[in-house]
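Results of the structural survey
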Amino acid sequence: MVRPRTRALMGEQMKHIIQRVTATPLKVQSSMSWLGVDRSRVSAMCIVEVETDTGFIGHGFTNLADGSVVAQAIKSVAAPAIIGMPALATERTWRAMWWAMTAAAQTGFGANATSAVDLALWDIKGQVLERPVWQLLGASYDRLQVYATLGMPGLEPEQLVEMAKRLKELGFKTIKIQVGRPGLGQVDREKSLDLIIDEDIARIAALREALGPDFGLAIDGAARFDLPHAVTLSRRAAPYDISWYEEPVLQNDIELMAELRRMTDIPLSVGQNEGQLYRFRDMLVNKAVDMIQPNVAIIGGITQGVKAAALASAFNIPIASGGGSCPFHNAHLQAGIANGGKLEYQTSATGAYDPLFDNLPTIEDGWLALPQTPGFGFTPNKDAMKEFTVK
């Protein structure tokens, strides 16, 4: 027997038909002056708006890819695939987009495009059901501890130390720095990998001495090392009590990560740029990671993010936010599910959010309190979007 309340919810899901999908590519420059460094970063991103026939409007977001290409993919392929579908049927819309957007359901720009639209649909779902997204996912935590990433490779140890001290004063308990740059990404291989490791260790040593033994210190390799050099870096960094080593090897090669994990005591993590669920399955089955980092702006939105979290839970593995330039959307996944709880704040990129969105949650003393308003709880500023739109 179907209860009246259940029948009403089932009927509600088949309402709210998608009528309009728009995608806007943006480029926003953010300054690092607040950390005492005269540097800035230009972030490419895409904001999606979805409107239903009942007047609900949801917004989604993706980055770490050319916003113009993503926007065109959404306009030309994703939007036609889902217009006319119920906005609350997020499994159905995700499946329609994924097969339409990606070659034989593989990854690529389709992952970014699908993620942005899926997030907009979850924003609508929260508004219709009058709940924040994180509560719809399970409401495991109402606040999250935030770690800060100093995404500025090439800085001298003294500069990094000063920036880290400012972050410590602001209440952060863990920072992550970039290592291995430029690594195997060099076209001419002008800088040896051994010299890069020497410079990385000098920075790590200076930070540990300045921050003390109780402060968290993680490293992010951005998949720029082969296995021998990842092993060398991990062994030389081990005495400095590294919290985790992110994306240590080229292409996030699962077999190589599994081998590295057998050779180091530093926990390994990966996932912020992964667009396929099976990749997380294979990492877990092959015991290649200690933590996974699904990023809702790339993996396929909330719809796929919760599945990655469930996979990790089956292996008693935590998830953490690896999408530090997209923290406020990722916060809902991290707070919603039981094996989440760790949120990244990318100091060189997250500032791009500030002019683009109204009512963003704030980080105080290293913690972010989740919004209580329906959906994601923040909305794009249309005037700012016009200013930063890629022509």
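Structure shown above.
This report concerns the structure included in the present document.

What counts, and where the lines are drawn
- Residues numbered from 1 in each chain as written.
- Predicted model: local features only at pLDDT ≥ 70, side-chain atom pairs only at ≥ 80, totals over all residues.
- Heavy atoms only, no water.
- Buried < 20%, exposed > 50% of the residue type's maximum accessible area, 1.4 Å probe, protein only.
- Helix = DSSP H or I, 4+ residues; strand = E, 2+ residues; numbered from the N terminus.
- Pairing = 2+ DSSP bridges.
- Right-handed = clockwise from strand over helix to strand, strands pointing away.
- Axes fitted to C-alpha atoms, helices over the stretch in contact; angles between N-to-C directions.
- 1 Å grid on protein atoms, 1.4 Å probe; cavity = no way out; pocket = protein on both sides within 12 Å on 5 of 7 lines; lining within 4 Å.
- Points joined across faces, edges and corners; volume = space filled by probe spheres on them.
- Nonpolar A, V, L, I, M, F, W, Y, C, P; charged D, E, K, R; others polar.
- Salt bridge = Lys/Arg side-chain N within 4 Å of Asp/Glu carboxyl O.
- Bend = angle between axes of the 7 residues up to and from the residue.
- Contact = heavy atoms within 4.5 Å.
- Polar contact = N/O pair within 3.5 Å; in protein donor to acceptor, adjacent residues only side chain to side chain.

**Observations regarding the pairing of strand 4 (residues 143–150)**
Burial runs high along strand 4: 6 of the 8 residues are buried. Note: strand 4 against strand 13 (residues 367–369), 3 bridges, orientation antiparallel. By the bridge assignment, Arg143 is partnered in strand 13 with Ala369. With 5 bridges joining them, strand 4 and strand 10 (residues 342–346) adopt parallel strand pairing. Within the sheet, the bridge partner assigned to Val146 lies in strand 10 and is Leu343. Strand direction decides the pairing type here: strand 4 and strand 5 (residues 174–178), joined by 3 bridges, are parallel. Its bridge partner being in strand 5, Ala148 is matched across the sheet by Ile175. With helix 6 (residues 157–169) bridging strand 4 and its parallel neighbour strand 5, the resulting β-α-β unit is right-handed.

**Overview of the sheet that holds strand 3 (residues 57–63)**
What links the strands of a sheet is backbone hydrogen bonding, and the strands pair in either a parallel or an antiparallel sense. Spatially, 3 strands are ordered 1-2-3 in an open sheet, and the strand pairing comes out antiparallel. In this open sheet, the two edge strands, each paired with only one partner strand, are strand 1 (18–31) and strand 3. Pairwise comparison of adjacent strand axes, ignoring direction, gives a mean angle of 20° for this sheet. Of the pairings in the sheet, the one linking strand 1 to strand 2 (residues 40–52) comprises 13 bridges and is antiparallel in character. For Val28, the partnering residue across the bridge sits in strand 2 and is Ser43.

**Details of empty space enclosed by the protein**
Following the criterion strictly, the structure yields 1 cavity of 30 Å³ or more and no others. Put simply, the largest cavity is a space of about 50 Å³. What lines the largest cavity is simply Leu150, Met152, Pro153, Gly154, Leu155, Leu160, Ile177, Gln178 and Arg203. Across the lining of the largest cavity, the residue classes tally to 6 nonpolar, 2 polar and 1 charged.

**Quick look at the environment of Trp367**
Relative to the helices and strands, Trp367 is located in strand 13. Once the C-alpha coordinates of Trp367 and Phe109 are considered, the two residues, 258 residues apart in sequence, prove to be 32 Å apart.

**Brief notes about unusual backbone geometry**
Cis geometry is adopted by the peptide bond preceding Pro182, which originates at Arg181 and carries an omega value of -10°. One can find Pro182 in the loop between strand 5 and helix 7 (193–211). Of note, Gln251 is a non-glycine position whose phi angle comes to about 60°, a positive value. Here Gln251 shows up in the loop between strand 7 (245–246) and helix 9 (254–263). Of note, Asp365 is a non-glycine position whose phi angle comes to about 55°, a positive value. Within the secondary structure layout, Asp365 lies in the loop between strand 12 (363–364) and strand 13.

**Things to note about the layout of surface pockets**
Space inside the largest pocket adds up to approximately 450 Å³. Elements supplying a minimum of two residues to the lining of the largest pocket: strand 5 and strand 10. Across the lining of the largest pocket, the residue classes break down as 3 nonpolar, 10 polar and 10 charged. In this model, the second largest pocket occupies a volume close to 280 Å³. Looking at the second largest pocket, it is lined by 17 residues, and the ones nearest its centre are Trp34, Phe328, Tyr345, Asp354 and Ile363. Taken together, the elements giving at least two residues each to the lining of the second largest pocket come down to strand 1 and strand 12.

**With respect to the pattern of salt bridges**
Applying the stated criterion across every chain yields a total of 13 salt bridges. The residue Glu49 makes a salt bridge to Lys382 at a minimum N-O spacing of 3.0 Å. Here Glu49 is found in strand 2, whereas its partner Lys382 is found in helix 14 (residues 382–388), with 333 residues between them in sequence. Since its relative accessible area comes to 44%, Lys382 is described here as partly exposed. Here Asp198 and Arg236 are joined by a salt bridge, their closest N and O atoms 2.7 Å apart. With Asp198 in helix 7 and Arg236 in helix 8 (residues 227–237), this pair connects stretches of sequence that are 38 residues apart. Each member of the salt-bridge network shares a partner with another, and the members are Arg20, Glu49, Glu51 and Lys382.

**A closer look at helix 2 (residues 67–82)**
Remark: the principal bend of helix 2, roughly 40°, maps to Ile74. Among all positions of helix 2, only Gly67, Val70, Ala71, Ala73, Ile74, Ala78, Ala79 and Ile82 are buried. Tucked inside the fold, the buried residues of helix 2 contact strand 1, strand 2, strand 3, helix 3 (90–101) and helix 4 (109–129). Where helix 2 begins, the side chain of Asp66 points an oxygen toward the backbone nitrogen of Ser68, at a separation of 2.9 Å. Once helix 2 ends, the next one or two residues include Gly84, with phi positive near 100°.

**Here's the deal with the environment of Ala335**
With respect to the helices and strands, the residue Ala335 is situated in helix 12 (residues 327–336). Classification of Ala335 as buried rests on a relative accessible area of 0%. Sequence separation between Ala335 and Leu277 is 58 residues, and the spatial gap between their C-alpha atoms is 20 Å. Ignoring sequence-local partners within four residues, the contact set of Ala335 consists of Trp134, Ala139, Ser140, Tyr141, Leu144 and Leu370.

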